[in-house]
Amino acid sequence: MLFQIKQISTTPSESNLTKITPSSPSPPPPPPPLTMSLLSLSLLLLLLPLISSQPPPFPFSTSYLIDCGGLNNFTSDLNRTWLSDRFYTGGAPGLVSEPHNFPQPQERTLRFFPPNSYGKKNCYSLPSLPSGRYYLRTFTVYDNYDSKLRSPSFDVSVEGTLVFSWRSPWPETVAKDGAYSDLFAFVKDGVADVCFYSIATDPPVIASLELVQVDPLSYDSSSTGSDLVLVNYGRFTCGSNTFGPGFSNDVDPFGRVWQSDAASRNANSKVRVLSTTNVIANAGRPSNYFPMRLYQTAVTTESRAGGGIIEYFLNVDTRLDYLIWFHFAEIDPMVVEAGQRVFDVYVDGLNVRRIDVYKEVGAFSAFDWHYVVEKLNTTSLSVKFVSVVGPPLISGLENYAMVPLDFSTVPSQVAAMRALKDSLRIPDRMGWNGDPCAPSTWDAWEGVTCHPNPDGSGSLVVTQLDLGSQGLKGYISDQISLLSNLVSLNLSSNSLRGNLPLGMGQKSLVRLDLSNNQLSGAIPDSLGSSSLQLALLNNNELEGQVPEKLYSVGVHGGVIDLSSNRGLCGVPTMPACPFFWENKGISTGGKVAIGLSCVVVLILLVLMVYICCIRRGRNDYDFALPQDLTSIAAKRNRYQRQKSLMLLELETQHSNGFPATMSPL
């Protein structure tokens, strides 16, 4: 890790452009029209190189400058607008012990995070960011703000990736005067998380935080990719004093600060400084927007005839790759053609390139080149410029550790955990801030266990929540169903209320302990679809029918406890469920009866529709008996009338004394 010691300068720098002042006491007489046109054309030709060398405007505008621990917005002496402290998850404001030693207001205040009050993990979460690449710079200082004479140990992560590690005791000058650290990282979800993790019981500290949007294609991201954090291990201007936003009034669109190279240059390298006020072509161009001042100074060897070596020792850590960015400009007016200055570049003893700046871009023009060093096994990296023809020259040098992004939690599960943080009313002391599982080198949120995603995607998933006896007084958010890899859930012995979410029965769930709360309502059927081997729901206010599959957990060798609930029913050892549950619903028998009734009513309705509409429409007349039945009925009626007449005739004869001649049928 690079400690960039503060070197504040509030003195405005000299103008980069020479001024031309007319010396004639009175204006000359106006020239003829043709002469005026020739003069205008000549002036235009003279100004054309200057006009063409102007860089395009910087197209990105999102930035935050946060005075950590500060109470009011302000504008600094260097015309930078700072915001009062905001976007933090916890902590308390503090003040350095000797504010008069710090010329800038944002360096005098700080925010610290006591782990016993705010947990081991705290964050600044900067919202509403366009997706893209950002430059982030922090200022960290101790200066005995707590009167304990002991600098703290803590880690810092950006976007879930460990980037800085502070270990006590700090170097004396750093502890007293503070240090700047910076990096480049991509933000893809609209929120930049800068998190601090306490080592042992030490409170992390932060004095200021700067975030500036930069070109997403900067530093060759098209080749290196967006899954890297570039951590600054040295950004040097050769032959100049430290400059940049916050250190001088020189402009760098990215907000970068350029340190003097003197401290990192080999003492045996005898150099002289070159400088110019001429305009440097190609400076300030996309996508890196390097400032012109960087190329207006350079160092070269003392011997003008040639020969000599310029060597730098760069701080590095083992097992990381490093991106080294070289800056050149031929600003010596004595070099007027290619081949007059040629030199080799050696990195870690390996000759990696031969450079002829004039041949590449000509005079007074910026030339950049970068090189990647892989898998270093030392803590110091040698970079040398060795003469081939004429003395070597260098204008600037940058060294970045290429830190791969750490695994992060699946986004849907991050959303679920944040919803649970709100619904369960997780106290600040538990430190539920930032990514629940990342960085992987830190402990996850208190009470949370994470594992790599089984699908092999390189993400992290939540597998266990152990939050028993934490004094929680909220409810269980229904977004818990998004924790699709949850194996164990323990929320016992709290004061949780409300119903059990319908989606709680994840297939992965094996152990469930919700005992000793005030949970109410019915047990969702989804719990019977999980792989539960332990289900403790006792001492709640649950009611209604127990799902048979859930109760079968005990039958198949698992453990289930449903005792001391207000109205559970429908399984052995419990009363039968009434037809209707008061204010709760209907039992299974009631549901079956109502279902059958509905089926019967539906059938009758269909039959009536068929009779009244379908058949009537098909025959187009009122219902009547078929023709055959009508003829049979008519014959039967005639027979009955004939029989009646014969019986009447017999009765008449009998009454008159005549013998009967026929036997009745």
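Use the structure listed above.
Here the structure is a predicted model, which is why all the values come from computation and not from measurement.

Looking at the sheet that holds strand β36 (residues 567–569)
At step 1: Spatially, the four strands line up as an open sheet ordered β30-β32-β34-β36, and their pairing is parallel. The open sheet terminates on both sides in strands that have one partner only, identified here as β30 (497–499) and β36. In this sheet, adjacent strand axes meet at a mean angle of 30° when their direction is disregarded.
At step 2: In this sheet, strand β34 (residues 541–545) lies alongside strand β32 (residues 518–521) in parallel orientation, the contact comprising two bridges. Bridged to S520 within β34 is E541.

Notes on unusual backbone geometry
At step 1: Following S168, the chain continues to P169 via a peptide bond in cis, the omega torsion being 0°.
At step 2: Note that P169 resides in the loop between β10 (161–166) and α3 (172–177).
At step 3: One non-glycine residue, D143, adopts positive backbone phi at about 45°.
At step 4: Mapped onto the secondary structure, D143 falls in the loop between β8 (132–140) and β9 (154–158).

Regarding the pairing of strand β22 (residues 350–355)
At step 1: Where strand β21 (residues 342–347) meets β22, five bridges bridge the pair, whose relative direction is antiparallel. The partner of Y346 across the bridge, within β22, is N351.
At step 2: Hairpin geometry of β21 and β22 is characterised by an intervening segment of two residues between the two adjacent antiparallel strands and by a positive phi of about 55° at D348.

A closer look at the environment of Y358
At step 1: In this fold, Y358 is placed in helix α5 (residues 357–361).
At step 2: With relative accessibility at 25%, the residue Y358 sits in the partly exposed group.
At step 3: For Y358, the residues in contact, after removing those within four places along its chain, are E330, V335, V336, E337, A338 and A363.
At step 4: Side-chain polar atoms of Y358 contact the backbone oxygen of V336, separated by 2.8 Å.

Comments concerning the pattern of salt bridges
At step 1: Scanning all chains against the criterion turns up 18 salt bridges.
At step 2: One salt bridge in this structure joins R293 and D250, with 2.6 Å as the shortest N-O distance. With R293 in the loop between β17 (271–275) and β18 (297–301) and D250 in the loop between β15 (228–237) and β16 (259–260), the pair connects residues that are 43 residues apart, well separated along the chain.
At step 3: For R293, a relative accessible area of 18% corresponds to the buried category.
At step 4: Put simply, R566 and E543 hold a salt bridge, and the shortest N to O gap is 2.7 Å. A residue pair is termed long-range when its members are at least 10 positions apart, and R566 in the loop between β35 (559–561) and β36 and E543 in strand β34 qualify at 23 residues.
At step 5: Three or more residues are tied together by salt bridges with common partners; here these are R80, R137 and E210.

Re the sheet that holds strand β7 (residues 121–126)
At step 1: The sheet built from four strands is open, its strands ordered β7-β12-β9-β10 with antiparallel pairing. Both edges of this open sheet fall to β7 and β10, since each of them pairs with a single strand only. Each strand of the sheet is rotated relative to its neighbour by a mean of 20°, with strand direction disregarded.
At step 2: As paired strands, β7 and strand β12 (residues 192–198) are joined by six bridges and run antiparallel to one another. Within the sheet, the bridge partner assigned to N122 lies in β12 and is F196.

Rules behind the numbers
Residues numbered from 1 in each chain as written. Predicted model: local features only at pLDDT ≥ 70, side-chain atom pairs only at ≥ 80, totals over all residues. Heavy atoms only, no water. Pairing = 2+ DSSP bridges. Helix = DSSP H or I, 4+ residues; strand = E, 2+ residues; numbered from the N terminus. Axes fitted to C-alpha atoms, helices over the stretch in contact; angles between N-to-C directions. Buried < 20%, exposed > 50% of the residue type's maximum accessible area, 1.4 Å probe, protein only. Contact = heavy atoms within 4.5 Å. Polar contact = N/O pair within 3.5 Å; in protein donor to acceptor, adjacent residues only side chain to side chain. Salt bridge = Lys/Arg side-chain N within 4 Å of Asp/Glu carboxyl O.

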